[in-house]
Amino acid sequence: MSSKQLNMVQAINSTLDSFMAKDDSVILLGEDIGKDGGVFRVTEGLQAKYGTERVIDTPLVELGIVGMAIGMAVSGLRPVPEIQFQDFIFTAFDQLVNQAAKMRYRSGGSYTVPMVLRTPYGGGIKGGLYHSQSGEAYFAHTAGLTVISPSNPYDAKGLLSSSLKSNDPIIFLEPKRLYRSIKSDVPDEGYEIPIGKASLVHEGDDMTFVTYGSAVPLVVNTVSKNNLNADVIDLRTIMPYDGETILNSVKKTGKVIIVHEAPRTLGMGAEISAFISERAIDYLMGPILRVTGPDTPFPYRLEDYYMPNETRILKAVKKLQEFR
Amino acid sequence: MSSKQLNMVQAINSTLDSFMAKDDSVILLGEDIGKDGGVFRVTEGLQAKYGTERVIDTPLVELGIVGMAIGMAVSGLRPVPEIQFQDFIFTAFDQLVNQAAKMRYRSGGSYTVPMVLRTPYGGGIKGGLYHSQSGEAYFAHTAGLTVISPSNPYDAKGLLSSSLKSNDPIIFLEPKRLYRSIKSDVPDEGYEIPIGKASLVHEGDDMTFVTYGSAVPLVVNTVSKNNLNADVIDLRTIMPYDGETILNSVKKTGKVIIVHEAPRTLGMGAEISAFISERAIDYLMGPILRVTGPDTPFPYRLEDYYMPNETRILKAVKKLQEFR
Amino acid sequence: MDEKEMFVNAYKTMVLARTLDRKIVTAQRQGRVGFYTPTMGQEALQVGMSMALDKDDLIYEYYRDVPFMLHRGVPIETLIDQIMGNSMDNEKGRQMPSHYSAKEYNFMSVQSPVATNLPLAVGAAYAIKYRKKKNIVVTTFGDGSTSTPDFHAAMNLAAVFDLPVIFLCENNKWAISLPVEKQTKVEIWKKAEAYGMKGVKVDGNDLFAMYEVAKAEVEKTRNSGEPVLIEAVSYRMGPHSTSDDPSKYRTDTIKEGSEGDPIVIAEKKLKEKGYLNDEEIEKIKNDAKELVDRKFEEREKVSPPSPETMFQDVYEKPTWIIEEEKGEIL
Amino acid sequence: MDEKEMFVNAYKTMVLARTLDRKIVTAQRQGRVGFYTPTMGQEALQVGMSMALDKDDLIYEYYRDVPFMLHRGVPIETLIDQIMGNSMDNEKGRQMPSHYSAKEYNFMSVQSPVATNLPLAVGAAYAIKYRKKKNIVVTTFGDGSTSTPDFHAAMNLAAVFDLPVIFLCENNKWAISLPVEKQTKVEIWKKAEAYGMKGVKVDGNDLFAMYEVAKAEVEKTRNSGEPVLIEAVSYRMGPHSTSDDPSKYRTDTIKEGSEGDPIVIAEKKLKEKGYLNDEEIEKIKNDAKELVDRKFEEREKVSPPSPETMFQDVYEKPTWIIEEEKGEIL
Ligand SMILES: Cc1ncc(C[n+]2csc(CCOP(=O)(O)OP(=O)(O)O)c2C)c(N)n1
Ligand SMILES: Cc1ncc(C[n+]2csc(CCOP(=O)(O)OP(=O)(O)O)c2C)c(N)n1
Ligand SMILES: [Mg+2]
Ligand SMILES: [Mg+2]
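Model, not experiment: these values are computed from the prediction.

Next up on the list: the overall build of chain C. For chain C, the helix and strand inventory stands at eleven helices and seven strands. The C-alpha radius of gyration computed for chain C amounts to 20 Å, which stays within 12% of the reference 20 Å derived for 330 residues, consistent with globular compactness. Structurally, chain C occupies a C-alpha span of about 60 × 50 × 45 Å along its principal axes. When burial is assessed residue by residue, chain C has 66% of its 330 residues classed as buried.

What follows is about the coordination of the magnesium ion (ligand 4). Residue and element names in this part refer to chain D. Taken together, Asp 143 (OD), Asn 172 (OD1) and Trp 174 (O) make up the full set of protein donors to the magnesium ion (ligand 4), lying 2.0 to 2.1 Å away. Sequence spacing of the donors to the magnesium ion (ligand 4): D-x28-N-x1-W. Here Asp 143 is found in the loop between strand 2 (137–142) and helix 6 (149–160), whereas its partner Trp 174 is found in strand 4 (residues 174–175), with 31 residues between them in sequence. Residues Asp 143 and Trp 174 agree in their burial class; the two are buried.

So, on to the interface of chain B and chain D. On the side of chain D, 46 residues touch chain B, which itself brings 47 residues to the contact. Counting across the interface, chain B meets chain D through two salt bridges. For the salt bridge of Arg 131 of chain D with Asp 24 of chain B, the shortest nitrogen-to-oxygen distance reads 3.0 Å. The interface formed by chain B and chain D includes 20 residue pairs in polar contact (both at pLDDT 80 or more). Elements with a minimum of two residues in the side of chain B that touches chain D: strand 3 (55–57), helix 3 (62–74), helix 4 (93–100), helix 5 (103–106) and helix 10 (268–279) of chain B. By residue number, the principal contributor to the side of chain B that touches chain D is helix 3 of chain B, which donates eight residues. For the side of chain B that touches chain D, the per-class residue count stands at 19 nonpolar, 19 polar and nine charged.

Residues and elements named next belong to chain D. In space, the five strands of this open sheet follow the order 1-2-3-7-6, with parallel pairing throughout. Strands at the two margins of the open sheet, each flanked by one partner only, are strand 1 (58–60) and strand 6 (198–203). On average, each strand axis in the sheet is tilted by 20° relative to the strand beside it, whichever way the strands run. The sheet contacts of helix 5 (residues 117–130) involve strand 1, strand 2 and strand 3 (165–171), and relative to strand 2 the element is tilted by about 170°.

Take the sheet that holds strand 14 (residues 288–293) of chain B next. All names here are of chain B. Sheet architecture is open: five strands sit in the order 9-11-10-13-14, paired in mixed fashion. Of all the strands in the sheet, just strand 9 (199–202) and strand 14 have a single pairing partner and so form its edges. Averaged over neighbouring strand pairs, the angle between their axes works out to 25° when direction is ignored. Against the sheet, helix 12 (residues 310–321) engages strand 10 (207–211), strand 13 (256–263) and strand 14, with an angle of about 170° to strand 14.

Thresholds, definitions, all that
Residues numbered from 1 in each chain as written. Chains lettered and ligands numbered in written order. Predicted model: local features only at pLDDT ≥ 70, side-chain atom pairs only at ≥ 80, totals over all residues. Heavy atoms only, no water. Helix = DSSP H or I, 4+ residues; strand = E, 2+ residues; numbered from the N terminus. Rg over C-alpha atoms; globule rule 2.2 N^0.38 Å. Buried < 20%, exposed > 50% of the residue type's maximum accessible area, 1.4 Å probe, protein only. Donors = N, O, S within 2.8 Å, 3.2 Å for Na, K, Ca; no water. Contact = heavy atoms within 4.5 Å. Salt bridge = Lys/Arg side-chain N within 4 Å of Asp/Glu carboxyl O. Polar contact = N/O pair within 3.5 Å; in protein donor to acceptor, adjacent residues only side chain to side chain. Nonpolar A, V, L, I, M, F, W, Y, C, P; charged D, E, K, R; others polar. Pairing = 2+ DSSP bridges. Axes fitted to C-alpha atoms, helices over the stretch in contact; angles between N-to-C directions.

If you want it as structure tokens, here you go:
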């Protein structure tokens with residue numbers, strides 16, 4: 001089977017391309033996604049190939065982009081709206097929470113919203129308060145939304161492919177920090193990574209790391225570099241998260257560290273931790289620790305202090321190792 | 001000291017009244033709050049007393065209400081915007097998350113937003129999907145916001161009074177189910193209940209209940225009726241929650257049940273649970289349990305199944321008692 | 001259908017809607033219904049609009065569109081079942097009363113946050129244009145809703161992309177307690193200009209006038225694919241909802257049965273045209289009453305939705321989380 | 001200040017802003033600055049507006065308003081410190097470059113989500129009216145920003161409550177890659193009508209024309225307390241930002257130094273009026289260059305903010321949560 005070394009931008013671009021080629025109900029819309037190819041160039045070349053009717057440069061109005069996409073989806077299309085930065089999604093938040101997420105439920109199943117909302121999120125590009133936020137918890141707390149974040153180009157293609165076949169609204173969060181920083185071998189052929197299944201990206205017996213998105217390479221590198229005998233779980237799907245994989249690992253290791261960049265309070269770490277202590281309390285051999293961004297806005301100049309790093313992860317490891 | 005038996009609507013109304021009488025920088029704005037006195041009558045009589053300039057009937061635009069309030073606050077007023085139902089706040093969510101919450105931080109402390117946003121929340125009035133939501137976790141996850149919810153008329157006055165003296169933006173969540181269903185003795189004189197301090201509303205040694213808002217009377221009644229030997233902690237302030245009071249109790253009882261109406265996944269229960277298992281794991285004598293609303297939209301006809309009830313709480317108690 | 005038949009049918013719908021309206025309001029006072037937003041006063045404009053449409057046209061309606069729905073053939077049972085939230089309700093009893101849904105008749109499910117149906121209507125119109133179909137989209141909303149973000153977004157997008165959508169503003173002069181003059185300084189139909197869209201104003205209390213305008217605009221939109229804003233001027237004759245007490249903020253200017261009542265206006269014209277006489281009108285009213293009473297008793301007996309339904313339709317397949325919660329709750 | 005002095009001063013500011021613009025763009029390419037949104041092309045309209053204002057007027061500006069800020073006396077240090085995000089920055093290095101704040105000069109701190117400053121400006125104007133003060137509010141935004149929810153909300157509220165706020169739309173013809181014709185079908189100044197507000201269009205590339213209009217509108221707003229929308233037509237001569245590559249979507253129509261360049265236009269008029277000659281112009285440019293270079297080197301040496309500052313100003317007093325997180329991170 002042939003494959004290519006691609007970065008995440010390329011993997012997403014080629015996945016969109018292949019779905020658009022097969023299915024004329026797939027339509028992209030967003031700000032600057034056409035001629036400009038998107039501010040991160042993720043949709044580069046697609047307007048030239050599929051025309052302005054299928055790759056729509058919209059006026060500057062996120063709630064309109066999302067609202068239109070919902071209407072398109074209800075009418076049988078498969079819209080893929082792009083929000084230029086996840087930080088700007090809040091201007092469309094009502095459309096997501098009160099329309100997209102509740103459509104199937106409120107209509108008794110009559111109407112559905114098969115839409116994949118793509119948006120870059122997270123820090124690491126010196127974007128300051130408004131070009132760095134990690135808002136996954138807002139979406140994951142919203143019943144009706146499915147929340148996905150790939151941590152590498154291979155997963156990006158597989159998860160986006162599954163998303164484009166789902167009949168529920170999907171929030172597809174692209175860790176912008178990883179857009180071009182890593183490559184993986186990506187098969188030319190289509191494949192899917194199932195929604196709701198985590199991936200064990202490193203195996204070990206002493207402790208369990210639960211993480212996703214841009215924190216995955218950090219955790220894997222930290223584990224490898226420091227020869228930690230640890231399971232590393234890449235959630236891939238944030239909501240619904242894969243409780244089973246988490247539980248199996250925790251029952252083996254008894255020690256857990258959750259790592260993400262979003263703020264600690266009510267970040268995904270809170271849910272994972274609560275989930276574990278609800279049903280594996282007697283397996284635990286130490287506190288469930290969280291290594292996350294702090295509960296402050298995301299700063300510009302000091303962004304390296306904001307994001308989790310190796311030192312902080314090792315501090316947590318030490319704390320667990322020294323427990324009792 | 002004289003006092004009156006008041007319900008929560010009356011307690012809030014009279015508190016607003018007394019602050020408005022003392023301080024002409026206090027200004028109310030919202031939909032139907034003037035002549036109509038608010039759809040729940042919380043602002044009844046205030047426009048007649050203070051005029052249309054201080055009790056402003058606004059056009060139908062939540063983002064404008066919140067945005068204007070932020071601008072007023074920056075300019076030295078003390079706006080008290082009302083959002084008719086918390087469900088509609090999402091149309092103003094960007095103003096809350098990206099303006100109100102981040103103003104002090106992004107301006108290096110130059111500009112501040114002393115604003116108290118009041119809004120009724122929660123179920124129990126047969127409001128269905130869009131007149132019943134409990135969105136406290138969205139706010140509590142947003143660094144810069146303070147989130148408060150009173151569980152009785154006395155607390156409503158004390159907490160609102162502190163809020164009106166705070167220099168940070170406050171989300172004041174009024175459990176609409178309790179608006180008229182309970183009365184308490186409310187002193188005529190002013191008093192404050194400190195922000196960030198929980199209240200131990202029932203004491204016992206066997207287990208700890210952590211709760212807030214409309215779930216408080218439910219938990220207290222369940223505990224009393226069933227003679228449970230339990231601490232019941234009413235958080236009063238949801239963010240920043242009172243970790244110390246929680247920890248002290250958990251170290252005593254070793255068993256925890258968190259009760260709230262908001263959906264389980266990433267609800268406040270997740271954060272409280274994670275907080276506890278981070279620093280009191282060796283005190284725990286059972287799983288940390290959550291009795292909450294499920295991760296579905298809020299249904300109309302079946303709302304009684306949605307909200308936590310005595311049966312579900314006792315199920316959790318039994319589970320804890322039978323642990324190991 | 002000839003003109004006479006068409007207008008008599010329209011009138012029958014108006015009467016049926018009014019009769020149902022009164023029935024539900026009374027039932028609400030008796031504790032048999034939880035809540036309701038009366039339609040009283042807005043019958044003519046809705047039915048006039050409906051008369052101009054085809055079966056395939058899509059409607060993104062709002063909570064007051066009972067006459068509209070009845071006229072397009074939505075069975076009265078469907079509406080009452082929604083009001084009751086019973087097990088036969090299209091929405092499985094999940095939504096508050098007045099939040100209807102009728103996919104078979106191309107009515108979207110009604111949400112509460114006002115005007116947030118408008119951007120969806122634009123998206124639906126985009127799909128029509130993209131698929132080169134000939135149907136159009138109509139979306140309805142009140143005067144107060146023109147202040148919302150969603151109105152602005154939808155109007156601009158429909159204009160920029162030239163989409164076949166009719167924005168029907170049901171200006172009933174009030175948004176709960178706020179009169180339209182305090183909502184905005186400008187007549188609503190004029191707002192269309194700001195988007196490069198055509199705006200029209202029509203007397204929405206006059207069935208005949210409304211139908212004329214609706215017919216012309218529907219034809220134009222269907223043929224040219226261009227959007228239009230129609231302001232149908234009317235009056236909210238009832239309270240905002242059964243929870244509302246309008247005496248706190250207004251003195252009603254149009255009372256039921258007075259000469260400003262759209263049903264009275266319609267009757268007068270129908271009689272002038274010789275389409276109906278007093279006797280026939282009487283019979284239409286009696287028939288409506290009989291039907292509404294009968295259907296209401298009948299639907300009231302329908303069982304509530306079963307508790308398991310609460311956990312369905314959040315996603316196509318329930319997540320393990322929801323399954324688990326269901327197990328805990330039931 | 002006499003007219004000559006006033007315009008010469010205005011011109012000096014324009015040149016200084018342009019010089020700073022170029023310096024920062026170059027520095028960004030050299031990796032000395034993280035990001036920047038050039039102002040090039042919008043100097044005349046901003047300075048013309050500023051000339052008409054009083055010290056006490058409040059400005060809710062957007063990210064391209066460097067000439068505006070310089071003209072109102074904001075020290076060049078303040079701007080460079082913000083761009084650097086250093087320890088002397090008013091915002092403590094927390095915001096991305098181009099998100100200035102200068103409370104002493106009544107400039108609000110700039111946010112990124114476009115046009116969300118507009119509702120705040122309306123609130124500030126409400127406070128002025130309520131306190132019966134005589135100052136006014138000016139809020140600025142681009143052409144693309146007229147599509148946002150916040151524009152609609154703010155315009156309607158300012159009109160309904162009759163508030164002293166000037167909406168200054170800096171129409172530079174582009175919103176990143178979207179030309180204004182695709183943003184909306186109508187000229188921007190005309191959108192004011194939809195709110196019952198006055199709208200004015202002015203050639204924003206002509207300092208003199210801009211000043212005339214600004215003066216008249218400021219006077220009117222100050223006296224009547226009424227809002228106005230000014231569309232200042234200009235052109236974004238540079239890229240949207242240092243991350244942008246306009247060659248992907250447009251051919252520049254106004255090049256720096258060409259006759260459409262607002263600085264060239266100003267020079268011509270100033271010379272015609274005899275306010276400046278070539279030699280003086282040359283000196284102004286050299287002085288600006290010297291100043292900018294010197295200040296830039298100087299500010300570049302300022303230390304970064306200390307890590308503790310990251311944990312301040314989230315609330316008036318840090319919560320225990322933030323204190324704890326600080327302990328863990330530092
Ligand atoms: C976004 C939002 N804000 C507030 C409300 C509460 N509310 C329900 S109806 C209504 C007034 C609507 O007025 P209008 O648009 O004129 O429609 P009408 O009810 O008069 O038909 C309000 C404020 C809501 N449903 N949605
Ligand atoms: C709500 C929001 N959506 C998207 C963006 C990304 N963005 C930044 S500037 C810009 C274009 C703004 O155009 P315009 O209002 O004309 O101002 P200009 O940059 O041309 O001065 C966009 C889309 C943003 N900052 N805020
Ligand atoms: Mg109305
Ligand atoms: Mg522009």
